Amino acid sequence: MLLIILIFVIAITYLIVSSKHPQFKMKKIRYTVTLFLCMLLAIHFYLDYFRIGSFNSLILNNFDNSKVVSVMLVKNTDNTKDSIIKSTSDAKTINDLIAYLKQFKLLQYNGKYSSSNNHSYDIVFYTDKKDEKIGISVTNENYIDVAITATKTYHLFFFNWYNNTNSYKSYKIINGKINSHFLDSVLDSIKD
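None of the values given here were measured: they were computed from a predicted structure. (Residues numbered from 1 in each chain as written. Predicted model: local features only at pLDDT ≥ 70, side-chain atom pairs only at ≥ 80, totals over all residues. Heavy atoms only, no water.)

### What to know about the side chain of S137
- Its place among the elements puts S137 in strand β6 (residues 133-140).
- Residues in contact with S137, not counting those within four places in the same chain, are Y121, D122, Y143, I144 and D145. (Helix = DSSP H or I, 4+ residues; strand = E, 2+ residues; numbered from the N terminus. Contact = heavy atoms within 4.5 Å.)

Encoded structure:
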């Protein structure tokens, strides 16, 4: 997002300067700069659309200054009465889930996929900061959907700028599959 803003500022600055100063009105220079800016924008959109990386780099890096303090695990079935919802603040359970998810390498996926089983899991990690959470939905052993709610603070001189991030992305797991038996065992280990 910051790259898009930077490119936009450069483009606006260039257009203002080129309209005011005759030495910038040469066609070759204008076309070259315009082509360069368009290429930067295209590269940024391509890299943002096809992100690849680990669970840690794509998801957990949004929470560098936060600590996960609780987790809610939900097992959904076709019959909503049979859904199981459990929450815990146990550090071992939280660390086990995070360590399990960190092993996966992810590719941002923008297509459609179908559920290959009749159950799904929702994992919600809550941090020590108000209104920050990571929601992970597992409906297929090869794909996860991630909803992130985070607040980043940027300091500029005497001002604080708060950037609220609400993103929802789908990822394909490219180095394995989600093991539903592991998630079941974690759910069973959480005391009511």
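### What about a nonpolar patch on the surface?
- On the surface, a nonpolar cluster with roughly 630 Å² of combined accessible area is contributed by L156, F157, F158 and F159.
- The exposure class assigned to F159 is exposed, which follows from its relative accessible area of 60%. (Patch = residues over 30% accessible without salt bridge, like charges linked within 9 Å, V, L, I, M, F, W, Y side chains within 5 Å. Areas by Shrake-Rupley, 256 points an atom, 1.4 Å probe, with all protein chains shown as cover. Salt bridge = Lys/Arg side-chain N within 4 Å of Asp/Glu carboxyl O. Buried < 20%, exposed > 50% of the residue type's maximum accessible area, 1.4 Å probe, protein only.)

### With respect to the packing of aromatic side chains
- Scanning all chains against the criterion turns up three aromatic pairs.
- For the pair Y100 and F104, a centre-to-centre distance of 5.3 Å together with 90 degrees between the ring planes defines the contact as edge-to-face.
- What makes Y100 buried here is its relative accessible area of 13%.
- A centroid spacing of 4.2 Å and a plane angle of 25 degrees characterise the contact between Y100 and F182, whose relative ring orientation is stacked. Taken together, the residues span a long stretch of sequence, with Y100 in helix α4 (residues 91-102) and F182 in helix α5 (residues 180-189) at a distance of 82 residues.
- Exposure remark for F182: the relative accessible area of 22% places this residue in the partly exposed category.
- An aromatic cluster of at least three residues, connected via ring pairs, comprises Y100, F104 and F182. (Phe/Tyr/Trp six-rings, centres within 6.5 Å; stacked < 30°, edge-to-face > 60°.)

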